[in-house]
Amino acid sequence: MSSRAAAGPLAQRAASRTPRSVGERRGNASDTAQDTQLRSVNLDHVIKLLESSNSKDLEKEQLKTLKKVAKHFENGFPLKDLEQIMRILDLCAGKVKEQEVFTEPLCELIKLSGLPFQKKKSSDEVNYSTGVAQYIAKLGYLMAVPSSQVRIQICKCVISFYKMNTPGKLLSGYQPTSANYKIQMAEFAGLAQILVSSLASVENQLTEKLWVLKALQYLSISGVNCRLMMKAQAASRLCLYLNGADPSGQLVFRSSDILWNLLENASKEEVIKQLSSLECIHALKEVFVDVLHGFRHCDHQLRNDLLVIAVLLSENVAVPMIESGFAKLLIVLATFTEVKIPNALVKGLKLTYSYEDFEMKKLLFNVIRVLSKHPSAVQLLSENDVMPALLYYVKPNQKPGFHDWSAAQYEELQLHAIAVLASVAPVLVGKYLSCQANTLLLVFLEWCIGQGSSFHGTGGRGNQLAQMRYSLRVLRSVVSLYDDAVKLNLCDQGAIIQLLDILKYATNKSKEDVILLEIQTDTVFILSVLCENDLHRKELFSYEGIDMLIPFLQMDPKKLYSGLGYNCLLFSALDCLWSCVVGCYIAEDHFLEKQGIFLLLDLLALKERNLCNIILGILVDFCDNAKTTLDINTWRGEKDQTAANLLIQLWRQEELELGVRRDKYGRIVDMKRPIAGRFQREQKVLPMPANCPSFAILEISENMRAKLYSLFCKLGFENLPGLSAEDFVTLAVIRRYMDFKVGEVWSEICAELEEEFRPVTPDEEALKALSKVSEDTARAVNVLQTELLETQLHQEIQEEKKIYKKIQATRKQREMINKSWENFLIRTSNYEALKKAKKLQEEAIEASRPKSQTQNGAVHSTDIKGLHTTIGPGRLVTVESTPCQFMGGPLAVTDLAPRKPSVCKGALKRDQKR
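All figures in this text were calculated on a predicted structure; none of them were measured in a lab.

### Overview of the overall build of the protein
Reasoning step 1: A count of helices and strands for the protein gives 43 helices and 2 strands.
Reasoning step 2: The buried share among the 914 residues of the protein stands at 44%.
Reasoning step 3: Here the analysis covers contacts within the protein between residues at least 6 apart in sequence; of these, 75% occur between residues at least 24 apart.
Reasoning step 4: Total accessible area computed for the protein in this model is approximately 49600 Å², and 53% of it derives from carbon and sulfur atoms.

What follows is the structure in structure tokens.
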């Protein structure tokens, strides 16, 4: 039993092993048969056969062999055989030129190249990558074969790379390459560049050209292929093919699609450069005119695609858009519905108000915006009534579906037109004024405050912020020209009061929004330009305008770094303050009453360089008003900082950034150039014309020291509160700033003269004397600074001594108290010490008594019997009464002594009895 039981599992394992071994042998046999089948086609023999000299019998054998090869590899070529297959393709291509019968076998082999290659190992894709790239490149070079069938088959093969289908039957032991393998190898092989170059050979064959373009459409999806195509001048080639004869219309569609891909995936600048020739622009214009009158949906889409390309080309000044007449055509198209002027360029053209026409209208507006940046296009814009066409939209949308556009479409076109107007108006100021654009914009802004609507402002319909925003941009762009005619035209129509209303409207909005901030910023800027250098306009601005500027100056400093635009608003407010308030005493007094100087100094205390520069300029001009200096001296910042101390700190910060030489105490180090910065010291002497400012003069406008000096000249250099010794040391330099600056100018003159020629002796002595004066001034300031520091040091030493004496007295008093306490403790614990202290006390009392006794005076004992203490008595003291015989003694006049009734009192009592 045991032996059979033991034999059972062994038998089972043997039985189970036998079928698996048989299966393995069958699999190996199948692989062997398959390998034998693969080896049945000897590619080397095929190559030798094709290389043999041609004969009729040999030709049949060659064709039969090629057919056998095609049948053998009907599921795809193995990677290891591609080198031999490539040689076979090359030989077949050579025979096609003389024997057309080889065309079909060649096409069959090319068709098989579109199937996935076969690999045995995953590493084969990398190992054979170079050979695969060469094979794919060979396919591209086969486009030179003068056979339409071969060329079309090559294009189909390339397209199949992007539509990879797994063959129905796979070779045993092989697997297809990955789906993107051929695409990557095509990029590596430069197939796209080869196909673009092959366009020249198919230029007159429309069918073949269309197939090549179709293949390039797929290849142009990749950025690598687009860059390769650009090397073969693909953009210019394709543009020239746009207006070629093609009844199907595929040529222009495929070419424009490839151009789009090139613009998106390659260098836009390089594409535009290739398209910038006059021939390309003419071709683009002609095909655009052809599709402009198309009625199909695809025609409208193609028209818009070409229009986008035209917009991109217009951005380059070098592109001959004006010379070709394309720019004029686009401008006329953009304005022909708004300006009813007959023009042959748009004769018979009608808008269908479809979505494509809506997009075309926006693109045409964009063309006008781009052309407005070209000086050569200004005359063209003026002649074709662009200004009236854009102003056509500066009016409210009074009813839905305005002029066949929906309300939303009209509003979007309106915003586009106003945005373009902001670019066009500055270059067509004459047209702008003649069309009364300011009047239209002000009326439109009044409508915006009242009952505007906007899909593009925050909040959706019923919100007028978008129209207001774009209209103010137009006014800002126009007033930025500082043209007196524009400013006068605006002010005559009450623009200042209306702009103040807009500013108030935007400020009263509770929410913080980027659009509202931009509206406020633009409004404040426009007001500053309008009121500058005009006293009457400043008076119009004064009360209401200042009340709205004050909150901007009280802005939380943290908002300046929020990125929403508060910094721009603050700078515009400061500029408006400088332009609209300074110089008008009524406005200045109102600003001072609102404690505006305090707000400016609070902003100055932030020590933001850009803010400080403009604020200091405002304060200098404000100091012409006598009330300003009082406010500046009254101001106190954090930790009770004074304005003088703040200004001196700014001076020191400025000198530190400039690299001015100072010692650790702030004293002058360089006596010859006491206020020169690092950059100024490094500059070499350059002889300059008299009308050109030197470095010493230019430096004044590049930092804040001149403004700080001017401000101290207004405030005075004496009796400035809150200054330390270090501040006085710096103030000594500030006080002599102008003298030092004059010295720098003379030094530059001397250096320039030395470079050119030697002055005459009197002039040379005068120049030396002037240089010595500047140096002596610097030394005198240095001495004064040293005295100030020594005085400060002496004061500090004296104060230190006083404090030390106070500490000593306090310490001595504490020691005396401690010693007294120790003596008291000794007396309470040591009786002998108590007796000794008592004795000393009695001796001290006795010694304090007068030596001569008062005659007839009572003597009282000061000792309390039985008392053993040395401390002073309490508040209750027993005093013996004075005997009567001593009534006239020393105590007679005291309150304790009995007194006799006075005569007056006796008389008073008698009078009362009566």
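Structure shown, so let's carry the discussion forward.
### Quick notes on a nonpolar patch on the surface
Reasoning step 1: A contiguous nonpolar surface patch, about 380 Å² in accessible area, is contributed by Met738, Val742, Trp746, Ile749 and Leu770.
Reasoning step 2: Here the element with the most residues in the nonpolar patch is helix α40 (residues 737-756); it accounts for 4 residues.
Reasoning step 3: Mapping leucine 770 onto the fold places it in helix α41 (residues 761-829).

### Thoughts on the confidence of the model for the protein
Reasoning step 1: Residue-level pLDDT values for the protein average 84, and 85% of them are 70 or greater.
Reasoning step 2: This model gives residues 1-39 a pLDDT under 50, and the stretch forms 7 contacts once residues within four places in sequence are excluded.
Reasoning step 3: Note on residues 886-914: pLDDT under 50 across the span, and 9 contacts to partners over four residues away in sequence or across chains.

### Section: the nonpolar core
Reasoning step 1: Judged by nonpolar contacts, the single largest core of 246 residues is most densely connected at Ile88, Leu262, Phe541, Leu574, Phe591, Leu600 and Leu604.
Reasoning step 2: Here this core gets 11 residues from one element, more than from any other, and that element is helix α28 (residues 514-531).
Reasoning step 3: The residues contacting leucine 600, other than those within four sequence positions of it, are Leu553, Leu574, Leu577, Phe591, Ile615, Ile618 and Leu619.

### Structural notes on the packing of aromatic side chains
Reasoning step 1: Overall, the coordinates contain 15 aromatic pairs when judged by the stated rule.
Reasoning step 2: With a centroid separation of 5.3 Å and an interplanar angle of 25°, the aromatic rings of phenylalanine 444 and tryptophan 447 are classed as stacked. Here the residue phenylalanine 444 and the residue tryptophan 447 both occupy positions in helix α24 (residues 437-451), the gap between them amounting to 3 residues, near one helical turn.
Reasoning step 3: Centroid distance phenylalanine 712 to phenylalanine 717: 6.0 Å. Interplanar angle 20°. Geometry classified as stacked.
Reasoning step 4: According to the relative accessible area criterion, phenylalanine 712 is buried, its value standing at 0%.
Reasoning step 5: Joined through ring pairs, the aromatic side chains of Phe365, Tyr392, Tyr393 and Tyr410 make up one cluster.
Reasoning step 6: Above the face of the phenylalanine 117 ring, lysine 182 is positioned so that its terminal group lies 4.2 Å from the ring centre.

### Section: helix α33 (residues 609-622)
Reasoning step 1: Between its first and last C-alpha, α33 extends 20 Å over 14 residues, near the 20 Å set by a 1.5 Å rise per residue.
Reasoning step 2: Of all 14 residues making up α33, 10 are buried, and the element is well covered by its neighbours.
Reasoning step 3: Within the span of α33, buried status applies to Leu611, Cys612, Ile614, Ile615, Leu616, Gly617, Ile618, Leu619, Val620 and Phe622.
Reasoning step 4: Looking at the buried residues of α33, the elements they touch are α30 (566-580), α31 (585-593), α32 (596-604), α34 (626-634), α35 (643-658) and α38 (705-715).

### Structural notes on the pattern of salt bridges
Reasoning step 1: Taken as a whole, this structure holds 38 salt bridges when the rule is applied.
Reasoning step 2: One salt bridge connects arginine 636 with aspartate 640, and the closest N-O pair in it is separated by 3.8 Å.
Reasoning step 3: Relative accessible area serves as the criterion here: at 57%, aspartate 640 is assigned to the exposed category.
Reasoning step 4: Its salt-bridge partner being glutamate 655, residue arginine 705 comes within 3.7 Å of it at the nearest N-O pair. Here arginine 705, found in helix α38, pairs with glutamate 655, found in helix α35; they are 50 residues apart in sequence, far enough to count as distant. When sorted by exposure, arginine 705 lands in the same class as glutamate 655, which is buried.
Reasoning step 5: Among the charged side chains, a network of salt bridges with common partners joins Glu655, Arg662, Glu699, Arg705, Lys741 and Glu744.

### Focus on the packing of helix α7 (residues 129-141) against helix α9 (residues 181-189)
Reasoning step 1: Close contact between α7 and α9 brings their axes to 8 Å; oriented N to C, the two are set at 75°. Taken together, the axis directions place α7 and α9 in an arrangement best described as roughly perpendicular. Of the residues in α9, those in contact with Ser129, Val132, Ala133, Ile136 and Ala137 of α7 are Tyr181, Lys182, Met185, Ala186, Phe188 and Ala189.
Reasoning step 2: For the contact of α7 with α9, the per-class residue count stands at 9 nonpolar, 1 polar and 1 charged.

### Description of the packing of helix α25 (residues 465-479) against α28
Reasoning step 1: Their axes nearest at 9 Å, the elements α25 and α28 cross at an angle of 30°. Between α25 and α28, the crossing angle belongs to the class labelled roughly parallel. The hand of the α25/α28 crossing is left-handed. Contacts between α25 and α28 involve Leu465, Met468, Arg469, Leu472, Arg473, Leu475, Arg476 and Val479 from the former and Ile515, Leu516, Glu518, Ile519, Thr521, Asp522, Thr523, Phe525, Ile526, Val529 and Leu530 from the latter.
Reasoning step 2: Of the residues belonging to the contact of α25 with α28, the class tally is 12 nonpolar, 2 polar and 5 charged.

### Some details on the environment of glutamate 359
Reasoning step 1: Among the secondary structure elements, glutamate 359 is positioned in helix α19 (residues 355-371).
Reasoning step 2: By relative accessible area, which is 21% here, glutamate 359 ends up partly exposed.

### So, helix α27 (residues 495-507)
Reasoning step 1: In this model α27 runs 18 Å from its N-terminal to its C-terminal C-alpha over 13 residues, within 8% of the 18 Å that 1.5 Å per residue would give.
Reasoning step 2: If you check which residues of α27 are buried, you get Ala495, Ile496, Gln498, Leu499, Leu500, Ile502, Leu503, Tyr505 and Ala506.

### With respect to the side chain of serine 113
Reasoning step 1: Following the sequence through the fold, serine 113 ends up in helix α5 (residues 103-113).
Reasoning step 2: Looking at serine 113, the relative accessible area reads 0%, which means it is buried.
Reasoning step 3: Excluding residues within four positions of it along the chain, serine 113 makes contact with Phe77, Tyr135, Leu139, Cys157, Phe161 and Lys182.

About the cut-offs
Residues numbered from 1 in each chain as written. Predicted model: local features only at pLDDT ≥ 70, side-chain atom pairs only at ≥ 80, totals over all residues. Heavy atoms only, no water. Helix = DSSP H or I, 4+ residues; strand = E, 2+ residues; numbered from the N terminus. Buried < 20%, exposed > 50% of the residue type's maximum accessible area, 1.4 Å probe, protein only. Contact = heavy atoms within 4.5 Å. Areas by Shrake-Rupley, 256 points an atom, 1.4 Å probe, with all protein chains shown as cover. Patch = residues over 30% accessible without salt bridge, like charges linked within 9 Å, V, L, I, M, F, W, Y side chains within 5 Å. Salt bridge = Lys/Arg side-chain N within 4 Å of Asp/Glu carboxyl O. pLDDT = per-residue confidence, 0-100. Core = buried A, V, L, I, M, F, W, Y, C linked by side-chain atoms within 4.5 Å. Phe/Tyr/Trp six-rings, centres within 6.5 Å; stacked < 30°, edge-to-face > 60°. Lys NZ or Arg CZ within 6 Å of the ring centre and 35° of its normal. Expected span 1.5 Å × (residues − 1). Axes fitted to C-alpha atoms, helices over the stretch in contact; angles between N-to-C directions. Parallel < 35°, antiparallel > 145°, perpendicular 65-115°, else oblique. Nonpolar A, V, L, I, M, F, W, Y, C, P; charged D, E, K, R; others polar. Left-handed = near helix turned anticlockwise from the far one by under 90°.

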